[in-house]
Amino acid sequence: MKYSQIFTKTKKQAPADEVSKNAQLLIRAGYVYKEMAGVYDYLPLGLKVIENIKSIIRQEMNAIGGDELVMSSLQNKAVWESTGRWSEEAVDVWFKSSLQDGTDIGFGWSHEEPILAMMKQYIESYKDLPVSVYQFQTKMRNELRAKSGIMRGREFVMKDMYSLHSSQEDMDKYYDRVIDAYKRIFDRLGIGDDTYITFASGGAFTKFSHEFQTVCDAGEDVLYISDDGQVAVNEEVLDDATEEIGIDKALLSPVKTAEVGNIFKFGTEKSEKMGIKVNTSDGGEQFVYLASYGIGVTRVMGVIAEKMSDEKGLVWPENIAPFRVYLTTIGQDEAVISQASELYKDLTELSVEVLWDDRDARPGEKFADADLLGFPHRVVISPKTLQQGSVEYKARTSTEVDLISIDELKNRLNLIN
Ligand code: ATP
Ligand code: MG
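The structure presented is a predicted model; accordingly, all values stated were derived computationally and were not measured.

## Digging into the packing of helix H2 (residues 44–63) against helix H8 (residues 297–307)
Running from N to C, H2 and H8 point in directions that differ by 110 degrees, and their axes come no closer than 10 Å. Overall, the two elements H2 and H8 adopt an arrangement that is roughly perpendicular. Here H2 and H8 pass one another in a crossing that is right-handed. Here Gly46, Val49, Ile50, Ile53, Lys54 and Ile57 of H2 come into contact with H8, specifically with Val297, Thr298, Val300 and Met301.

Pasting the structure below:
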């Protein structure tokens, strides 16, 4: 794509009321637009990042048998009343409205109850189980505070998966497979080494629930981690957990973290309230086991922006960057343009996403934008590089600038084995 075709422009300043680093950078680089506190639009560049993150998650969810669907944002009050979660006392983040005829409706902050109500139509026998479904869906939550940029939105993209089983053992086994899939996802997203799985904080479900917490200064949670990184305990359950593991609290140090994922075993709790049963092999009936598995897609994007950035801007990993290559031409020399369009075509044909900065702007401005945008590879074509039969190359993570051949460029882009 050519830069001149993108409507967004980079900015020197973020909005004065934007305090978080992730949103400041993403707004300045033209990835997101702030509608209001906790509410962001994802612009073409930002959407590409979200799609790249989703694609990794989707592959891993499909690999463990997940079926993708999309559920509605408008939700049925009666479904939530069946488990007592329509009330504000039970759920403090509801957005609610009503239809013109006065019927109350809710805006989906979760789909645990709706998914069970929907599944009731399709599962009758133990033979219909297990079932595992997931979606990428925009959740709406009336969060009290929204100060962490896209890491805490009032409207945000979540991947939520739900698995239904006919036995505890089957649910337990699948839950462990999801944990492994989550580890692969966070590894592939480049935050695996900094992501810890912990018992969840607070609530009645602590023992049946795990959180995936990523070390991040802008995070809102605190983990206590051992020097070797083998033990990580949530602050809220510190005493209980250290006692259970048998480790001295004093050996753990606090670090700030962001909860990027959360998984729960509900067992039959919800299906009992909602009356969701299947026929068993011996002619009886039993309640269905449910587990649910979330990942905060837009929060992950915020965490990556926070962790993978420097004073100049964003520093995306290869597989998440909206474009792998930032190609820029200096001047409007015919030979320069012609070499650039050849390279652009060549790389595009090799499935490398290239943003060609074809704007007639000062080199300094273009380089500052290249750093702010944060694509992994910067390639410059100018009268000088032409003369030397080479292109100028800089990796976003390095300060070194090299004059290299097109073959060497392809080598650095891993196109030549
Ligand atoms: P938190 O404690 O951060 O409010 P939660 O326990 O409410 O999270 P879940 O309901 O389990 O979170 O949602 C699943 C995942 O969705 C979370 O692990 C997190 O990554 C993400 N998430 C939750 N709330 C938000 C939000 N307001 N903005 C962005 N992502 C969120
Ligand atoms: Mg919450």
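## Digging into the site of ligand 1
The environment of ligand 1 is made up of 13 residues, and the closest members are Arg141, Glu143, Arg152, Gly153 and Glu259. With respect to ligand 1, the side chain of Arg152 contributes an N or O atom lying 2.9 Å from an oxygen atom. A distance of 3.0 Å separates an oxygen atom of ligand 1 from a polar side-chain atom of Asn262. Starting from 580 Å² of accessible surface for ligand 1 in isolation, the protein chains cover 83%. Contributions of two or more residues to the shell around ligand 1 are made by strand S8 (155–165) and strand S13 (252–267). Looking at the shell around ligand 1, the element that brings in the most residues is S13, giving four residues. In terms of residue class, the shell around ligand 1 is built from four nonpolar, four polar and five charged.

## Considering the sheet that holds strand S5 (residues 95–98)
Through backbone hydrogen bonds, the strands of a sheet pair up, either in parallel or in antiparallel fashion. Strands sit in the order S4-S6-S5 across an open sheet of three strands; the sheet is antiparallel. A single partner strand is all that each edge strand has here, and the edge strands are strand S4 (74–76) and S5. Put simply, the sheet's adjacent strands are angled 40 degrees from each other on average, direction ignored. As judged from the four bridges shared by S5 and strand S6 (residues 104–107), these two strands associate in the antiparallel manner. By the bridge assignment for S6, Lys96 is matched with Gly106.

## As for the domain arrangement of the chain
Interfaces are often sized by the accessible area lost when the parts come together. Taken domain by domain, the chain holds domain 1 (13–310) and domain 2 (325–412). Inter-centroid distance (C-alpha atoms) of domain 1 to domain 2 is 40 Å. Roughly 510 Å² of surface becomes buried between domain 1 and domain 2 when both sides are summed, with 52% attributable to carbon and sulfur atoms. Area buried by domain 1 at its contact with domain 2 is led by Ala29, Tyr31 and Asp310, which between them contribute 53% of it. For the interface between domain 1 and domain 2, the tally reads two salt bridges. Between Arg396 and Asp310 there is a salt bridge whose closest N-O contact spans 2.7 Å. Scanning the region where domain 1 abuts domain 2 turns up three residue pairs in polar contact (both at pLDDT 80 or more). Of all the elements in the fold, those that place two or more residues in the side of domain 1 that touches domain 2 are helix H1 (21–28) and H2. Split by residue class, the side of domain 1 that touches domain 2 holds four nonpolar, no polar and three charged.

## Digging into the pattern of salt bridges
Per the counting criterion, the structure on display carries 31 salt bridges. Across the salt bridge formed by Arg184 and Glu60, the nearest N and O atoms sit 2.8 Å from each other. In this pair, Arg184 is assigned in helix H5 (residues 168–188) and Glu60 in helix H2, connecting sequence segments 124 residues apart. The partner of Asp104 in a salt bridge is Lys77, with the nearest N and O atoms 2.8 Å apart. Of the two residues, Asp104 is situated in strand S6 and Lys77 in helix H3 (residues 77–81); the sequence distance between them amounts to 27 residues. Its relative accessible area of 30% is what places Asp104 among the partly exposed residues. Take Lys77: its relative accessible area is 24%, and that puts it in the partly exposed class. A cluster of three or more residues bridged by salt bridges with shared partners is formed by Arg85, Glu112, Glu113 and Lys270.

## Let's talk about the packing of aromatic side chains
Enumeration over the complete set of coordinates arrives at 15 aromatic pairs. With a centroid separation of 5.6 Å and 45 degrees between ring planes, the pair formed by Tyr31 and Trp316 is classed as tilted. In this pair, Tyr31 sits in the loop between H1 and strand S1 (32–36) while Trp316 sits in the loop between strand S18 (313–314) and strand S19 (325–329), placing the two residues 285 residues apart along the sequence. Considered together, Tyr31 and Trp316 belong to a single accessibility category, that of buried residues. Aromatic rings pair up to connect Trp80, Trp86, Trp94 and Trp109 into one cluster. Here Lys48 stacks its cationic end above the ring of Phe323, 4.7 Å away from the centre of that ring. Its end group placed over the ring of Trp86, Lys96 keeps NZ or CZ at 4.1 Å from the ring centre.

## What to know about the pairing of strand S2 (residues 39–42)
Where S1 lies against S2, four bridges are found, and the strand directions are antiparallel. From the neighbouring strand, Lys34 faces S2, where its bridge partner is Tyr40. Here S1 hands over to S2 after two residues, with Gly38 in that stretch at a positive phi of 80 degrees.

## Overview of the nonpolar core
In a soluble, globular protein the nonpolar side chains are often hidden away together inside. The biggest cluster of nonpolar side chains holds 62 residues, and the ones touching the most others in it are Tyr31, Tyr182, Phe186, Leu189 and Trp316. Counting residues per element, this core draws most heavily on H5, at nine residues. When near neighbours in sequence (up to four residues on either side) are disregarded, Trp316 contacts Leu26, Tyr31, Val49, Met301, Ile304, Ala305, Ala321, Pro322, Leu373, Gly374 and Pro376. Of all hydrophobic cores here, the second largest spans 18 residues; its members include Ala340, Val379, Tyr393 and Ala395.

Cut-offs and rules
- Residues numbered from 1 in each chain as written.
- Chains lettered and ligands numbered in written order.
- Predicted model: local features only at pLDDT ≥ 70, side-chain atom pairs only at ≥ 80, totals over all residues.
- Heavy atoms only, no water.
- Axes fitted to C-alpha atoms, helices over the stretch in contact; angles between N-to-C directions.
- Helix = DSSP H or I, 4+ residues; strand = E, 2+ residues; numbered from the N terminus.
- Parallel < 35°, antiparallel > 145°, perpendicular 65-115°, else oblique.
- Left-handed = near helix turned anticlockwise from the far one by under 90°.
- Contact = heavy atoms within 4.5 Å.
- Near = heavy atom within 4 Å.
- Polar contact = N/O pair within 3.5 Å; in protein donor to acceptor, adjacent residues only side chain to side chain.
- Areas by Shrake-Rupley, 256 points an atom, 1.4 Å probe, with all protein chains shown as cover.
- Nonpolar A, V, L, I, M, F, W, Y, C, P; charged D, E, K, R; others polar.
- Pairing = 2+ DSSP bridges.
- Domains from an automatic or database assignment.
- Buried area = accessible area lost by both parts, 1.4 Å probe.
- Salt bridge = Lys/Arg side-chain N within 4 Å of Asp/Glu carboxyl O.
- Buried < 20%, exposed > 50% of the residue type's maximum accessible area, 1.4 Å probe, protein only.
- Phe/Tyr/Trp six-rings, centres within 6.5 Å; stacked < 30°, edge-to-face > 60°.
- Lys NZ or Arg CZ within 6 Å of the ring centre and 35° of its normal.
- Core = buried A, V, L, I, M, F, W, Y, C linked by side-chain atoms within 4.5 Å.

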